[in-house]
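Coordinate analysis (summary)
Each chain, written out:
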Amino acid sequence: MAHDTDPDTTPTPLALPGTGDWLAWITDRGRDQLAEARRLVEELKASPPTGALAVLERWNDTQVAIGHAQALGLWAEVHPDEQVRTRADEVGQEVQKLVTDLGLDRALYAVFAGLDPAGLDADATRELEHTLRDFRRAGVDRDDTSRARLRELSEQAVTLSQDFGRHIRDDVRSVRLAPERLAGLPDDYRAAHPADDDQLVTITTDYPDLVPFMTFGADGEARHELSLAAANVAWPVNDRVLQDLLAVRRESATLLGYDSWPDYDAEVKMIGTGAAVAEFIDKISGLSRDRAEHELAVLLERKRVDRPDADEVESHDSRHYSELVRREQYDVDGQVVRTYLSFESVRQGLLDVTGRLFGLEWTHVPADEAGTWHPDVASYDVGLGGRRIGRIHLDLHPREGKFKHAAQFDMVAGLGERQLPEGVLVCNFARGLMEHDEVVTLFHEFGHLVHHVLGGQGRWVRFSGVATEWDFVEAPSQMLEEWAWDADVLATFARNPEGETIPAELVAAMRRADHFGKGLYAAHQMSYAARSFWFHAQQSDDLTAFGDELQERYSVFPPLEGGHMQCAFGHLDGYGSGYYTYMWSLVIAKDLFSAFDRDDMFAPEVARSYRDRVLAMGGRKDAADLVADFLGRPYSFDSWAAWLQEE
Ligand SMILES: [Zn+2]
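Residues numbered from 1 in each chain as written. Predicted model: local features only at pLDDT ≥ 70, side-chain atom pairs only at ≥ 80, totals over all residues. Heavy atoms only, no water.

**So, the overall build of the chain**
As a reminder of what qualifies: Numbering of helices and strands runs from the N terminus, with a helix taken as a DSSP run of H or I at least four residues long and a strand as a DSSP run of E at least two residues long. Each radius of gyration reported is based on C-alpha atoms, and the globular scaling rule is 2.2 Å times the count of residues to the power 0.38. The cut-offs for exposure are 20% and 50% of the maximum accessible area for each residue type, with area from a 1.4 Å probe on protein chains only; residues under the lower value are buried, those over the upper are exposed, and the others partly exposed. Every accessible area reported is derived by Shrake-Rupley at a probe size of 1.4 Å, with residue values counting cover from the shown protein chains alone. The positive count covers Lys and Arg only, the negative count covers Asp and Glu only, and His and the chain ends enter neither. To locate a charge, take NZ of a lysine, CZ of an arginine, CG of an aspartate or CD of a glutamate.
Within the chain one finds 28 helices and seven strands. The C-alpha radius of gyration computed for the chain amounts to 26 Å, which stays within 12% of the reference 26 Å derived for 647 residues, consistent with globular compactness. For the chain, the spread of C-alpha atoms along the three principal axes comes to 80 × 65 × 55 Å. Buried residues in the chain amount to 54% of all 647 residues. Accessible surface, the chain as shown: approximately 28,100 Å² in total, 49% of it carbon and sulfur. Taking the 66 positively charged and 113 negatively charged side chains of the chain as two groups, their mean positions are separated by 3 Å.

Printed below as a string of structure tokens:
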């Protein structure tokens, strides 16, 4: 379908190679964009243009070029040809090196530090402030000795991170059990785990083995043995690595002039300070305590049906008895639910729902025109008011060598009329019927995609799309999940092969079942968030003991004796002191959702206001201000607290 707008002001999509030579394309594009970035930096240092705005624009151009090279990382995750994936990884390493070098480049920093901000508009002022902040956080203004040490620490941190992750990936533990101890597990699981010559079955700590066992396994002692194996992954080797990593972060924060790593880390987040993280953990913990205790009592009652003498519920009971309570007391059969959720109708339904909600038009782009990397990829142009504002690509099914989780990847950062935003959803859904969980995941990830496109209409690439605070970025996606739980919304696309719409009573039962366990979940999440925060905030020679102490304080489940979960808790590396962020985003998501009418999820006025005041703004304002602009008041915990009590 033609887009009847002036071609001079409408940017064109990125020309992808399609059936052509991807290896050459990625190689050339990576080389050219990095060369362009280096050229612009040299020019900025040697002969900066006159005036702050002109300098910032040149820097923006540099960031655009770096961003183009960085975005090639997408194909390291999705391209079917291993050679192409490897090349994309190599480009990524080069980009990282350039970014580190620029962050510590004093001559470059001097160009920005000397600028007079007078006369800059709000966006440009913010661009300058954030640029100076980035340099300062990299340590560019420290003395020579400190900078040399910071560079050393940064290299150590990279190696320690890689070690920490590799030790977890490589250390698969297992238990060997007599076949009858697999009681309760589905037939296909038991068939996939036959007994060996010793008449024993091996169950590993890999998720596809572990999760069903902890959910369906009826033998409590077997669940205990397996969870103990899982809580010993990478022990003891990672205990030392973690201590070293924490020491590197402490020293870096000190050299950079912060009181602690959490203060350094939280400075660029919505939450602001390390102290606020500690407060948040206590607040969520306090709000969820009663519900968690109540749910714990329900689990204990159910456990006593199996073991009348039981006097406590342990962490390895939690998943199992929660599942039994949901099945027995809420009467939801996942096998029936999925008959209404065929992949094709869900995908179309999602486009229709988001189109209606945000006033977007989706136009399918044929594969030969889109030039994508695999026949599974479906591409759409995004229209708003008759104008093309972006292009999206949905790569939703598993294949060998492809990214294993679900995520949105930026392909091109949008710059209004200069550069068309393009984003990619990478997921791993079955081709036939979907689980409702998967539908929720699809809505969630699609929320990032819509944010990327709508937020890609400004001038500064730094603020384009989802370029907002890390503890806010999940909120729009968590909020969009609500539409996948609404009976009226589901009725627009969820139909079984007989053409019957999913019954509203079934959706209501699904929601009730989903509500069970929220208190337990919140409390237990806070025991993880507390480890992530306090391990960074306070030095301890015994992380196992410190972790157990935090678990006793925050979770309703007792610590697992003999376990050392910190060694296998990969997020201690990736999230650092900020594991609270997921729950923080959820608090904000519930607050944002409070502005919508649950009886009329498509009410246009509120949806358009949200689109324009939050999503379309990208990172142009602090997230707290975006939320306040939309809600007409500062954010609050009230909606989250009310949601927590819902039955
Ligand atoms: Zn997300």
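**A look at the coordination of the zinc ion**
Note the threshold: Water is not part of the atom set, so a site may look incomplete; the donors themselves are N, O and S atoms within 2.8 Å of the metal, or 3.2 Å for Na, K and Ca.
Binding of the zinc ion to the protein goes through H444 (NE2), H448 (NE2) and E474 (OE), at separations of 2.1 Å. One chain supplies every donor to the zinc ion, and in sequence these donors are spaced H-x3-H-x25-E. A residue pair is termed long-range when its members are at least 10 positions apart, and H444 in helix α18 (residues 436–454) and E474 in the loop between α18 and α19 (475–480) qualify at 30 residues. Classification of H444 as buried rests on a relative accessible area of 8%. Given a relative accessible area of 21%, E474 falls into the partly exposed group.

**Some remarks on the nonpolar core**
To keep it simple, the criterion reads: By nonpolar core is meant a set of buried Ala, Val, Leu, Ile, Met, Phe, Trp, Tyr and Cys residues that side-chain atoms within 4.5 Å join together. Contact definition: two residues touch when any of their heavy atoms are within 4.5 Å.
Residues F446 and W483 are the most contacted members of the largest nonpolar core, which totals 103 residues. Counting residues per element, this core draws most heavily on α18, at nine residues. Residue contacts for F446: discarding those within four places in its chain leaves L350, L351, T354, W362, I392, L394, L425 and L480. Core analysis: the next-biggest nonpolar cluster, separate from the first, contains 46 residues, W22, V55, L72 and L108 among them.

**Let's talk about helix α25 (residues 581–593)**
This is how the line gets drawn: Each residue after the first adds 1.5 Å to the expected span of a helix.
Between the first and last C-alpha of α25 there are 18 Å, a value that for 13 residues agrees with the 18 Å anticipated at 1.5 Å per step. Within α25, 12 of the 13 residues are buried, leaving the element largely enclosed by the surrounding structure. Here α25 has its buried residues at T581, M583, W584, S585, L586, V587, I588, A589, K590, D591, L592 and F593. Of the surrounding secondary structure, the elements contacted by the buried residues of α25 are α13 (274–306), α19, α22 (518–537), α26 (604–613), α27 (623–631) and α28 (638–645).

**Some remarks on α28**
Every buried residue belonging to α28 is among S639, W640, A641, W643 and L644, and all of these are buried. Turning to α28, the residues buried within the fold contact α13, α21 (504–515), α22 and α25.

**A few points about the confidence of the model for the chain**
For residues with low pLDDT, the predicted coordinates do not support detailed interpretation. To keep things clear, this is the line we draw: On a range of 0 to 100, pLDDT expresses the predictor's confidence in each residue.
Here the chain averages 95 in pLDDT, and 99% of its residues register 70 or above. Taken together, the stretch residues 1–5 has pLDDT below 50 and engages in nine contacts with residues farther than four places along the chain or on a different chain.

**Observations regarding the sheet that holds strand β4 (residues 378–384)**
Selection rule: If DSSP finds at least two bridges between two strands, the strands pair. Axis lines are fitted to C-alpha atoms, over the contacting stretch for helices. Their N-to-C directions set the angle, which ranges from 0 to 180 degrees.
If you trace the five strands from one edge of the open sheet to the other, you get β3-β4-β5-β7-β6, paired in mixed fashion. The sheet is open, and its two edges are formed by β3 (360–365) and β6 (407–412), each paired on a single side. Direction aside, the axes of adjacent strands within the sheet are offset by 25° on average.

**A closer look at the environment of A494**
Relative to the helices and strands, A494 resides in the loop between α20 (487–491) and α21. Not counting residues up to four positions away in its chain, the partners in contact with A494 are Y340, L341, E500, T501 and I502.

**What about the packing of aromatic side chains?**
The geometry of an aromatic ring pair is captured by the separation of the ring centres together with the interplanar angle, meaning the angle of the planes. Going by this rule: Working definition: a ring pair exists when centres of Phe, Tyr or Trp rings (six-membered ring for Trp) sit within 6.5 Å. Plane angles under 30 degrees give stacked, over 60 give edge-to-face, the rest tilted. In our convention, an over-ring charge means Lys NZ or Arg CZ found within 6 Å of a ring centre and within 35 degrees of that ring's normal.
What the rule picks out here adds up to 35 aromatic pairs. Ring pairing ties together the aromatic residues F358, W483, F593, F596, Y610 and F630, which thus form one cluster. Seen from the ring of F602, R356 lies directly overhead, with NZ or CZ sitting 3.7 Å from the centre. Just above the ring of W643 sits the side chain of K518; from NZ or CZ to the centre is 4.7 Å.

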